[in-house]
Each structure stands twice: as structure tokens, then as C-alpha cells.
Amino acid sequence: MEPLAESEPFLITARWVLPVTGPPIEDGAVLVRGDRIAAVGRGRDIGGRPEEGRGPRSLSRLDLGDAALLPGLVNAHTHLELTILRGRCEEVEFFPWIRRVTEARFRKLEAADLVSSARWGALEAVRGGVTTVADTGDAHVVLQALADSGLRGIAYQEVFGPDERECHERLKALETALDAARGLATPRARVGISPHAPYTVSAALFREAARLALERRLPMAIHAAESRAERDLLREGAGPFAAFLAGRGISVQARGVSTLRHLADNGVLEARPLLIHAVHTGVEDWDLIRDSGCSVAHCPKSNAKLCHGIAPVLEWLARGLKVGLGTDGPAGNNGCDLLEEARFGALLQRARPGASVEDIRRLDARAVVRLLTLGGAEALGLDAEVGSLEPGKLADLTAVRLAGPQLEPGGDPETTIVFAASARDVVLTVVGGRVLFHDGRVATIDEDAARAALQRAAVKLGR
């Protein structure tokens, strides 16, 4: 089905419609007009209405049959440009892993290679029902991939600089990168700022990046409280990151505080950043996150794969923190299947020692579907426009089939989606009323050409 002109509304029907802000609707439908949702309800009610004075037969229709239609999935954290590193960075310890990623990203790959990589990652997202991505990396590269694919998103421009003596130089480079990315930004694809992490960004650069974000009204994202190595650096001035920085002649001090307290003390939380991972956080940190209006991108599979631990998601939800789900990048999570991420994350919380039945019930299938959609939109500050199926919101939709040996007999559609379905079961992806994926075909990217470009770039990485 090709995208329709704004003057041509179309109706999508399915066995189930999941608005997220309301109960599931059996034999439901969503009416799309232009880039917005015009109506949500029972198919027989919406489909029988005259549309703008015309008979109901004037509506174009897409009947998905035995499927669940829900808001487009929101990937609250990924690295599209690192898709090319899938399966190439398999170190268990975090420090050697991130050194390997850095070596490949900055020394072996050129800008055109990163564009090919990001484009392939965007194609994977579209096929998996993702409509919005929050990406940290080279914003210029990611914005190109978003434009090519039709995805919605925020491209956070990363900045690095652990040496305070280089703060001014690094800040100027950030401003130059932001200016270069501005020409590719659109209302659908925005630019943000990402001072990478406490072990790669000095306190002075954190302060300046936060100031710049507030001054330019740009969203911010930070890898925060991710690993034990980061915790040891800040609290004790010790560990592999401390040794690496000292080896480069960079002053290291034991600050005796958590990552969140470090960010708060330097005014960074005033920019209300998206905090990526936040595994190693406690009660004081959770209060800081909530009271400052920050949000969290939870990436359970990469947390587990890189031995970071299990994030305290049940505690976050009990305190009302804004939480979205992210896949992280393929270098740390070989697949970017957000449905699988959700299932893994939910089961991991249930397996936590000491988790109460009451807490676990807070993360039932309906709550997980919310994390996949509206939760992610809230975490990114986009919930006024996306994340739920409501008249007036942008028509960002996905559909998951409910028929198949691994899915039937499913019963409750939310349970089937969370505990049985995967990206392979996605049958439709729509962004702003534009059909990006249907009938097994991505409409916006030539898959064969994109695959060939990715493989050519991968040759530079060797075996």
C-alpha cells in the first residue's frame, strides 16, 4: 500500500486495536487523515461513517485481519551508526569492549560507511515496528538515515572530552557539529546533545554542554550509572577507567559520589537529560531523577550482555519515574528487536531475588506495552504527539500479527505481543500517515542496495 495524499483518508482495521490510553478494542479501526489520527474505535462504527460528506465506500481501507494495531514502538536508546559492528565486539568486560568499539568507529570507518551502517539499522527498525528512535552518535549521519527511512527521531550529537584543559576546544567542535546537522533537521527528526558519559566527559564539559542545551532548547541524553567501572571511577578514583585516564595524563580524583549526584552537582540535571542505563542507582538517585524531571532509557539486554547488572525498574515505576525501553546499539545487543527487548526485560525483573508479587504486577503485559509506546514517548518528551492512539495525535502506528504457530491460541493480545511475538511478526509500520512497511516490503529503502553498501563498508573492519 503506497502512502496516500493528505486529502485521501484511509481506514486500518484489525482484530484488535490497542490505544494504550484505553482498553483494547476488539474488531477495531483507526482512521488516518493526512499525518494525523482522525478516529479510533470499533471498525463497524468508524467504517460506516460518511467521510467529509462522502459515502463510506470512498474510504481507502487496509484490513490487517488477525493482528493487533497499536502505536508505533519507541526505541528510547540506540546507536544506528554502529549497526555494522554487530557480532564484532564480543568482549565480556566493559572497558575492553568500549575500547574496541571506539577503535572501529573512529579509526577504521569513514562518514560514508557510518551512513550505510545507520541506514541498515533504520531499515531494521522499520521492519520491527519502531517508528521513533532516540539515537546517540554523529547526528549528521543519523539524520540522513532518518530522512532515508522515514522514521521519526532525535539524533543526539555526541561529544567527548575527559580532559578539562580541552573543554573549550571540544565545546567548539560540538557547536560546529550541531550547526552542520541543523540543515538536515526537520519537525520529524530533531537534533539533541549527548555528552557521552562521566568517564569520557570532564565536569567542565558537562557544565558547558548542559548550558548549551538549555540555551538552544535542545534535548540531552547521557550514558549514566551504566557500569561498575564508572561507579568505581567516581566514588574511589579507581578501576580501569581511572587507570586509562591517568595514563593519558588526565587528573583523576575520588569524588565520593554517585553518577547522579555528580551530574546534579554540576548543574547537568537542570537540562533534564535522558539518562541511559541508570543500572547502578539507589534511592537518592531515584529521587534526583524524579524531582529534576529527568527520564530513563532502560536497555536490559545490553545491561546483561556486558555484565552491568539488572536495573531497578520495579523501583523506578513505583516512584513514578518516566521510563522508556531501548535496544542500545547492535555492538552491545546484537539484535535491535524492541519486542524481544521488552520480553527479556519483563522476565528479568520477575527473576530478581526479593521482587514482590505486588511489584511484579506493576510490570504486567499492559504495562510493558505502555513502556514500548507511551512510556518511551514520555521519556523523550514526545508524548503530546506520539505514543498512543488518540484523535489528533500523529499517525505513527504498527501492527503485530496474532496468527502463527508460536502465537496461537493467544487470547489476550497484549500478553501475546509481550510474551510471544517478535519483530518478525510485525506486518505494518506507519509514520505520520505514511506506510513505511507492509506486505514484507520496506517502501523507503532499497534493501538490496543498502545491504551491498553495508557489506562494502564492513570489509574495512577485517575478520
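Structure first, text after, so check above.
Calculation notes
- Residues numbered from 1 in each chain as written.
- Predicted model: local features only at pLDDT ≥ 70, side-chain atom pairs only at ≥ 80, totals over all residues.
- Heavy atoms only, no water.
- 1 Å grid on protein atoms, 1.4 Å probe; cavity = no way out; pocket = protein on both sides within 12 Å on 5 of 7 lines; lining within 4 Å.
- Points joined across faces, edges and corners; volume = space filled by probe spheres on them.
- Helix = DSSP H or I, 4+ residues; strand = E, 2+ residues; numbered from the N terminus.
- Nonpolar A, V, L, I, M, F, W, Y, C, P; charged D, E, K, R; others polar.
- Buried < 20%, exposed > 50% of the residue type's maximum accessible area, 1.4 Å probe, protein only.
- Contact = heavy atoms within 4.5 Å.
- Polar contact = N/O pair within 3.5 Å; in protein donor to acceptor, adjacent residues only side chain to side chain.
- Core = buried A, V, L, I, M, F, W, Y, C linked by side-chain atoms within 4.5 Å.

## Observations regarding the layout of surface pockets
Estimates place the volume of the largest pocket at around 970 Å³. Contributing to the lining of the largest pocket are 42 residues, with T102, F106, F160, H196 and T200 lying nearest its centre. For the lining of the largest pocket, the elements supplying multiple residues, two or more each, are α2 (94-108), β7 (130-137), β8 (152-159), α5 (167-182) and α8 (240-247). The element that contributes the greatest number of residues to the lining of the largest pocket is α2, accounting for 11 residues. Residue composition of the lining of the largest pocket, grouped by class: 19 nonpolar, 12 polar and 11 charged. Of the voids in this model, the second largest pocket is the one considered here, and its volume is about 460 Å³. Mapped by element, the contributors of at least two residues to the lining of the second largest pocket are α6 (203-216) and α15 (365-379). Here the residues of the lining of the second largest pocket are counted per class, giving 11 nonpolar, three polar and six charged.

## Considering helix α4 (residues 139-149)
Side chains of residues three or four places apart in an α-helix project in the same direction, reflecting 3.6 residues per turn. If you check which residues of α4 are buried, you get A139, V141, V142, L143, A145, L146 and S149. Packed against the buried residues of α4 are α3 (111-127), β7, β8, α5, β9 (189-195) and β16 (434-438). Regarding α4, its N-cap is D138, as a side-chain oxygen of that residue lies 3.0 Å from the backbone nitrogen of H140 further along. Looking one or two places after α4, you find G150, whose phi comes out positive at around 90 degrees.

## Some words on the nonpolar core
Counting 113 residues, the largest nonpolar core has L85, I193, M220 and W316 as the members making the most contacts within it. Counting residues per element, this core draws most heavily on α3, at eight residues. When near neighbours in sequence (up to four residues on either side) are disregarded, I193 contacts Y156, Q157, L174, L178, A209, L212, A213, L218, P219, M220 and A221. If you look at the next biggest cluster of nonpolar residues, it comprises 19 residues, including F10, I12, I37 and L389.

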